[in-house]
Amino acid sequence: MKFFLDTADLAEIEEAASWGALAGVTTNPSLYARIGGKLEDFHAHIKRICDIVDGPVSAESVAMTRDEIIRDGLELAEIAPNVVVKIPTMVEGLAATRALADRGVAVNMTLCFSVPQALLAARAGARYVSPFIGRFDDISEDGLAQVENIVAALNNYDFTSSTVNGERIEVIAASVRSANHVTQAALMGADIATVPFGVLKKMVQHPLTDRGLDSFLKDWEKVQNA
Ligand code: G3P
């Protein structure tokens, strides 16, 4: 499993990148609004993220018609070679995904909540599909079961003739709210988990690691004083 950071916060991205395990970043309009982002700075901000991270950086189009999404997508893809255009799962989004994939632009199809949506995203040429776990749980559905179903359904077929450069579509477990979500998504075979910085920090931690470290340090003090 690869780990993406789900944030638009440059300090978080720089810190997570320094840990050596960061493979990419996903942003969305809400995450950009959360850091006080301004419309006129959006492309420059995505460029700054791309300068920190070598891997894919998802930048979302908020357009609602296929022509506008395609225009947006082509502009976003110009920012840096590792930009991935994030597009909501909807009819206009699928049409735009097909057109962008045919022009060699990688798309992350987001707001995915069902197997049929994921299959359509794959057939339309999306490079990534992002099933949301937490938001599905929020409406008393089972977000993890949905990830499991999507991974299983996509594995039944070969979509490489539809995608950019014949690359396999990858499943990004998104809307991740806990380290356990990451564990379960990994066991289900999700390719990537995109996690908020708070969840990434929790992934490193374990109480037995803390306890073991504490006792090693105390015993080392004894060695030094012996
Ligand atoms: O990247 C989109 C997704 O991860 C959003 O998560 O927590 O706002 O549902 P959340």
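I will try to describe carefully the structure that is included in this document. No experiment lies behind these values; they were computed from the predicted model shown.

**Some remarks on the packing of helix α6 (residues 115-123) against helix α8 (residues 143-155)**
Packing of α6 against α8 brings their axes to within 9 Å, and their N-to-C directions diverge by 40 degrees. Considering the angle they form, α6 stands oblique to α8. Helix-helix and strand crossings are classified by hand; for α6 and α8 the assignment is right-handed. Facing α6, whose interface residues are Val115, Ala118, Leu119 and Ala122, α8 presents Gln146, Asn149, Ile150, Ala153 and Leu154. Counted by class, the contact of α6 with α8 contains seven nonpolar, two polar and no charged residues.

**Observations regarding the packing of helix α4 (residues 66-79) against helix α5 (residues 91-102)**
Interhelical geometry of α4 versus α5 gives an angle of 45 degrees and a closest axis separation of 8 Å. One way to sum up the angle between α4 and α5 is to call them oblique. For the pair α4 and α5, the crossing hand works out as right-handed. Contacts between α4 and α5 involve Arg66, Ile69, Ile70, Gly73 and Leu74 on the former and, on the latter, Val91, Glu92, Gly93, Ala95, Ala96, Ala99 and Leu100. Taken together, the residues that form the contact of α4 with α5 break down as eight nonpolar, two polar and two charged.

**Structural notes on the sheet that holds strand β8 (residues 192-195)**
As a general point, the strands of a sheet are linked pairwise by backbone hydrogen bonds and lie either parallel or antiparallel. Spatially, β1-β2-β3-β4-β5-β6-β7-β8 is the arrangement adopted by the eight strands of the closed barrel, whose pairing is parallel. For this sheet, the mean inter-axis angle between neighbouring strands, taken without regard to orientation, is 25 degrees. Across four bridges, the pairing between strand β1 (residues 2-6) and β8 is parallel. From the neighbouring strand, Lys2 faces β8, where its bridge partner is Ile192. Here helix α10 (residues 197-204) sits on the sheet in contact with β1 and β8, set at roughly 115 degrees to β8.

**Quick look at the site of the ligand**
Neighbouring residues of the ligand: Asp6, Asn28, Lys86, Phe132, Arg135, Ala174, Ser175 and Arg177. One nitrogen or oxygen atom from the side chain of Arg135 is found 2.6 Å from an oxygen atom belonging to the ligand. Arg177 places a polar side-chain atom, nitrogen or oxygen, 3.0 Å from an oxygen atom of the ligand. Out of a free accessible area of 310 Å², the ligand has 85% covered by protein chains. Placement of the ligand is best described as lying within the largest pocket. Per-class residue counts for the shell around the ligand are two nonpolar, two polar and four charged.

Procedures and definitions
Residues numbered from 1 in each chain as written. Predicted model: local features only at pLDDT ≥ 70, side-chain atom pairs only at ≥ 80, totals over all residues. Heavy atoms only, no water. Axes fitted to C-alpha atoms, helices over the stretch in contact; angles between N-to-C directions. Helix = DSSP H or I, 4+ residues; strand = E, 2+ residues; numbered from the N terminus. Parallel < 35°, antiparallel > 145°, perpendicular 65-115°, else oblique. Left-handed = near helix turned anticlockwise from the far one by under 90°. Contact = heavy atoms within 4.5 Å. Nonpolar A, V, L, I, M, F, W, Y, C, P; charged D, E, K, R; others polar. Pairing = 2+ DSSP bridges. Near = heavy atom within 4 Å. Polar contact = N/O pair within 3.5 Å; in protein donor to acceptor, adjacent residues only side chain to side chain. Areas by Shrake-Rupley, 256 points an atom, 1.4 Å probe, with all protein chains shown as cover. 1 Å grid on protein atoms, 1.4 Å probe; cavity = no way out; pocket = protein on both sides within 12 Å on 5 of 7 lines; lining within 4 Å. Sits in = over half its atoms within 2 Å of the grid points.

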